[in-house]
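# Working through the structure, step by step
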Amino acid sequence: MRELLQSAAARASTYLENLDSRSVAPSPQALARLAELDEVLPDQPCDAESVLALLDETGSPATVATAGSRFFGFVVGGSLPATLAANWLAGAWDQNAGIIALSPTAAKLEAVAMSWLLAVLGLPAGAGVGFVTCATTANFTALAAARHALLQQAGWDVEAQGLFGAPPITVIVGDEVHVSVLKALMLLGLGRDRVVRVPVDGQGRMRADALPKMAGPTIVCIQAGNVNTGAFDPASEICAAAHEAGAWVHVDGAFGLWAAVSPRYDYLTDGVADADSWATDAHKWLNVPYDSGLVICRHANISGRRCRSVPLIWCRPPTASRTIIRRSFRGGRVESRYGRLYGRLAGQVWPT
Ligand SMILES: Cc1ncc(COP(=O)(O)O)c(C=O)c1O
């Protein structure tokens, strides 16, 4: 095993060392060699090193060198050596990080990362953070939380009753909303095309002076970083108007939210911290390997029992987390035993 893993590490290191001298796009010859991967499903196992060699010799040259320093397309970030190395170790751990009982280390790391993220992004210390695959999933998760909260306020249990007959939710977006937000709305039953589109300025910023009158359950989706121009919606004005009307403000900050960490650029995110939920990516400007997205919700308790049917795996302060797991396993023998195991592990991870 050691030999195989060392071979993988050596091949990966050579790949990274060559990034600055190879062409960013794969050559036609490299693309043609991908045909070597077309083989009939083998009915016999083969040696692991030969699979690694095949992947490296045919796969590596046909990659796009997005991990290097000469790729400037889209908003794709290459991973830094430290993040890649940590990712390798995490791969070896192979943890199912869903609950503390299965991975106290992952739970502890999530808790630490959560507090660091909130501090560095200037977001409320009591917010909940979820570690997801990408900004698309982060948008989806945050909008699920918004849908839950607004309908709960209106006396409707969306997780139990679904959306048929539910009070309608108005969704307001800027005219240059990112397609991932529309996709999330579509998946949540809120409709891709029934959104209210607000006109934008020449940089694609939502015009706060063009916001419609808001009444009833309303979600306003703003952007911190327009993918075409980099422009930021005027968050302060929009949050003030939306909150005045009891609306929920969600920020799609896939790459732009990170401007908040820089004293030079934090003016761009002025007012963004006033929102109710935020989506961002670690695999863009934080230079963490794919896939790594983050969803943050001001109202961490929304991750409670009622939302369990949606993938809201928030990282929460320990006491609250323990309560939730105990409650959800109350009743049966196996369940309460599990609760004690969980509690013991939680006590070790977060000694009280
Ligand atoms: C503003 C914005 N939102 C959402 C996304 C989707 O991000 P992901 O590909 O991580 O789902 C992107 C991707 O570029 C983006 O720029």
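Refer to the structure printed above.
This is a predicted model, so every value here is computed, not measured.

Moving on to the overall build of the protein. In terms of helices and strands, the protein carries eleven helices and eight strands. With 352 residues in all, the protein has 33% of them scored as buried. Pairs at least 24 apart in sequence give 70% of the contacts found in the protein among residues at least 6 apart.

Glancing now at the packing of helix H1 (residues 2-17) against helix H3 (residues 48-59). Closest axis-to-axis distance for the H1/H3 pair is 10 Å, and the angle between their directions is 10°. In this view, H1 runs roughly parallel relative to H3, as classed from their interaxial angle. Residues Leu4, Ser7, Ala8 and Arg11 of H1 form the contact with H3, whose own contacting residues are Ala48, Glu49, Leu52 and Asp56.

This part is about the site of the ligand. In the vicinity of the ligand, 14 residues are found, and the nearest of them are Cys134, Ala135, Thr136, Val227 and Ala254. Here the shell around the ligand is composed, by residue class, of six nonpolar, six polar and two charged.

In this section: the environment of Leu31. Take Leu31: it is sitting in helix H2 (residues 28-33). Taking the number of C-beta atoms within 10 Å as the measure of exposure, Leu31 has 12 and is therefore exposed. It is 5.5 Å that separates the C-alpha atoms of Leu31 and Ala62, two residues lying 31 residues apart in sequence. Each residue touching Leu31, except ones within four places of it in the same chain, is listed here: Pro26 and Ala62.

When helix H9 (residues 235-244) is considered as a whole, its buried residues turn out to be Ala235, Ile238, Cys239 and Ala242. The buried residues of H9 occupy an angular sector of 95° when projected down its axis, which confines them to one face. Buried-residue contacts for H9 involve strand S4 (218-223) and strand S5 (248-252). Residue Gly246 follows H9 closely and has a positive phi angle near 75°.

Our focus in this paragraph is unusual backbone geometry. Peptide bonds are mostly trans, and most non-glycine residues show a negative phi. A cis geometry characterises the amide bond from Tyr290 onward to Asp291, with omega recorded as -15°. Counting through the fold element by element, Asp291 comes out in the loop between strand S6 (277-281) and strand S7 (293-297). Phi is positive for Phe74, close to 50°, though the residue is something other than glycine. Looking at where Phe74 falls in the secondary structure, it is placed in the loop between H3 and helix H4 (81-93).

The next thing to look at is helix H5 (residues 104-121). Compared with the 26 Å implied by 1.5 Å per residue over 18 residues, the 25 Å span of H5 between its first and last C-alpha is a close match. Of the residues making up H5, those classed as buried are Ala106, Ala107, Glu110, Met114, Leu117 and Leu121. All buried residues of H5 fall inside an arc of 95° around its axis, so they share one side. In this structure, H5 carries Val112, Trp116, Ala119 and Val120 as exposed residues pointing more than 90 degrees from its buried face.

Cut-offs applied
Residues numbered from 1 in each chain as written. Predicted model: local features only at pLDDT ≥ 70, side-chain atom pairs only at ≥ 80, totals over all residues. Helix = DSSP H or I, 4+ residues; strand = E, 2+ residues; numbered from the N terminus. Buried ≥ 20, exposed ≤ 12 C-beta atoms within 10 Å, placed from the backbone. Contact = placed C-beta atoms within 7 Å. Axes fitted to C-alpha atoms, helices over the stretch in contact; angles between N-to-C directions. Parallel < 35°, antiparallel > 145°, perpendicular 65-115°, else oblique. Near = placed C-beta within 6 Å. Nonpolar A, V, L, I, M, F, W, Y, C, P; charged D, E, K, R; others polar. Arc of directions from axis to C-beta. Expected span 1.5 Å × (residues − 1).

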